[in-house]
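Coordinates in review
Here are the chains, one letter per residue:
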Amino acid sequence: MPKTKRFQKISLTQTKKKGLGGKQQLVGDVRSCVEKYSYLYLFSVQNMRSNKLKVIRNDWKDSRFFLGKNRVIAIALGRSKESECRENLHEVSKRLKGQCGIFFTDKPKEEVFRYFQKHVESDYARSGNIATETVTLQPGPLEQFPFNMEPYLRQLGLPTSLQRGVVTLLKEHTVCKEGSILTPEEARLLKLLCIHMAEFKVTIEAVWEKEDGSFEDIGDGRMLEKQDDVNESSEDENME
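Residues numbered from 1 in each chain as written. Predicted model: local features only at pLDDT ≥ 70, side-chain atom pairs only at ≥ 80, totals over all residues. Heavy atoms only, no water.

For the protein chain, the name recorded in an unreviewed UniProt entry is Ribosome assembly factor mrt4, with Daphnia galeata as its organism. Recorded in UniProt under Subunit (unreviewed entry), the annotation for the protein chain is "Associates with the pre-60S ribosomal particle." (UniProt positions renumbered as here; feature names shortened; annotations may be inferred.)

Below you can see the structure in the form of structure tokens.
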């Protein structure tokens, strides 16, 4: 009698993984970008959102972004003065910690700084974020919610009931308090209430220039402020 194929075991040992080959490819890509582009920027991301980062990538299609695998990127750039592939790139490697990345571009510094200073978007907070304000709901109808959501709202901690088919809050309820760490339930409630408490922001932390191998630790937009001062002084000279 032939064996049934219904319960055959499938081996997953042939599944291809990036492994060492993927890491070597990443090292090669980073080093080729070092030679190709004029500037390398180190950036940090506050409240990471993939869809919002994708918008930035689309706005900078002629540039190259690398986010994630900080250790591999650090090896590509060089972790020490002796192993760096270009002068002062080990300074970038030292700062590749946490939720950060690098991107290469030929765009002038002024354009880069101004874009990222203005590109700030509000978003819904997630569990673990800090509440930026106290949100308190007053008793009464919650007409923004359909009747079939009432059980779910109760699961999230709202004291509700259905009264004549309308979701109704039975008593005053504080969703969150300013300065407190949001729980998963609080974060879901804030999203249902369309209240933003997070800010997606990309901050330029440092810049490396290929032409002279110079490295500058920026932090908190100090470079942008300095550039504004230069622009203002040049405008004053032109007026004179």
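Continuing now.
Of regular secondary structure, the protein chain possesses eight helices and eleven strands. For the protein chain, buried positions account for 40% of its 240 residues. Long-range contacts, defined here as pairs at least 24 residues apart, represent 75% of the contacts in the protein chain between residues at least 6 apart. Accessible surface, the protein chain: about 15,400 Å² in total, of which carbon and sulfur atoms supply 48%. (Helix = DSSP H or I, 4+ residues; strand = E, 2+ residues; numbered from the N terminus. Buried < 20%, exposed > 50% of the residue type's maximum accessible area, 1.4 Å probe, protein only. Contact = heavy atoms within 4.5 Å. Areas by Shrake-Rupley, 256 points an atom, 1.4 Å probe, with all protein chains shown as cover.)

Moving on, we get to the pairing of strand β8 (residues 166-169). Pairing of strand β6 (residues 140-141) with β8 involves two bridges; the strand directions are antiparallel. Residue pairing in the sheet places Pro-141 in a bridge with Thr-168 of β8. Pairing between strand β7 (residues 160-163) and β8: four bridges, direction antiparallel. By the bridge assignment, Thr-160 is partnered in β8 with Leu-169. (Pairing = 2+ DSSP bridges.)

Across the sheet, which stays open at both edges, the three strands sit in the order β6-β8-β7 with antiparallel pairing between neighbours. Two strands close off the open sheet at either side, each with one partner strand: β6 and β7.

With that settled, consider the packing of helix α1 (residues 19-36) against helix α3 (residues 70-77). Running from N to C, α1 and α3 point in directions that differ by 50°, and their axes come no closer than 9 Å. Comparing their axes, α3 and α1 come out oblique. Considering only the axes of α1 and α3, their crossing is right-handed. Contacts from Lys-23, Leu-26, Val-27, Val-30, Arg-31 and Val-34 in α1 reach Val-72, Ile-73, Ile-75, Ala-76 and Leu-77 in α3. Class assignment of the residues belonging to the contact of α1 with α3 gives a composition of nine nonpolar, no polar and two charged. (Axes fitted to C-alpha atoms, helices over the stretch in contact; angles between N-to-C directions. Parallel < 35°, antiparallel > 145°, perpendicular 65-115°, else oblique. Left-handed = near helix turned anticlockwise from the far one by under 90°. Nonpolar A, V, L, I, M, F, W, Y, C, P; charged D, E, K, R; others polar.)

Before going further, it helps to examine the pairing of strand β10 (residues 198-209). Counting buried positions along β10 yields nine of twelve residues, so the element is predominantly enclosed. Judged from the eight bridges that link them, strand β1 (residues 39-46) and β10 form a sheet pairing that is antiparallel. When the sheet's bridge partners are listed, Tyr-39 is paired in β10 with Glu-209. Pairing between strand β4 (residues 120-123) and β10: four bridges, direction antiparallel.

In this structure, Leu-77, Ile-102 and Phe-104 are the most contacted members of the largest nonpolar core, which totals 23 residues. Of all the secondary-structure elements, those providing two or more residues to this core are α1, β1, α3, α4 (89-94), β3 (100-105) and β10. When neighbours within four sequence positions are excluded, Ile-102 is seen to be in contact with Val-30, Leu-40, Tyr-41, Leu-42, Phe-43, Arg-64, Phe-65, Phe-66, Ile-73, Leu-77, Val-92 and Leu-96. In terms of nonpolar packing, the next biggest core, distinct from the first, is built from 20 residues, Leu-142, Leu-153, Leu-169 and Leu-193 among them. (Core = buried A, V, L, I, M, F, W, Y, C linked by side-chain atoms within 4.5 Å.)

Turning to helix α5 (residues 109-118), its buried residues are Lys-109, Val-112, Phe-113, Tyr-115 and Phe-116. One face of α5 carries all of its buried residues, which in axial projection span an arc of 165°. (Arc of directions from axis to C-beta.)

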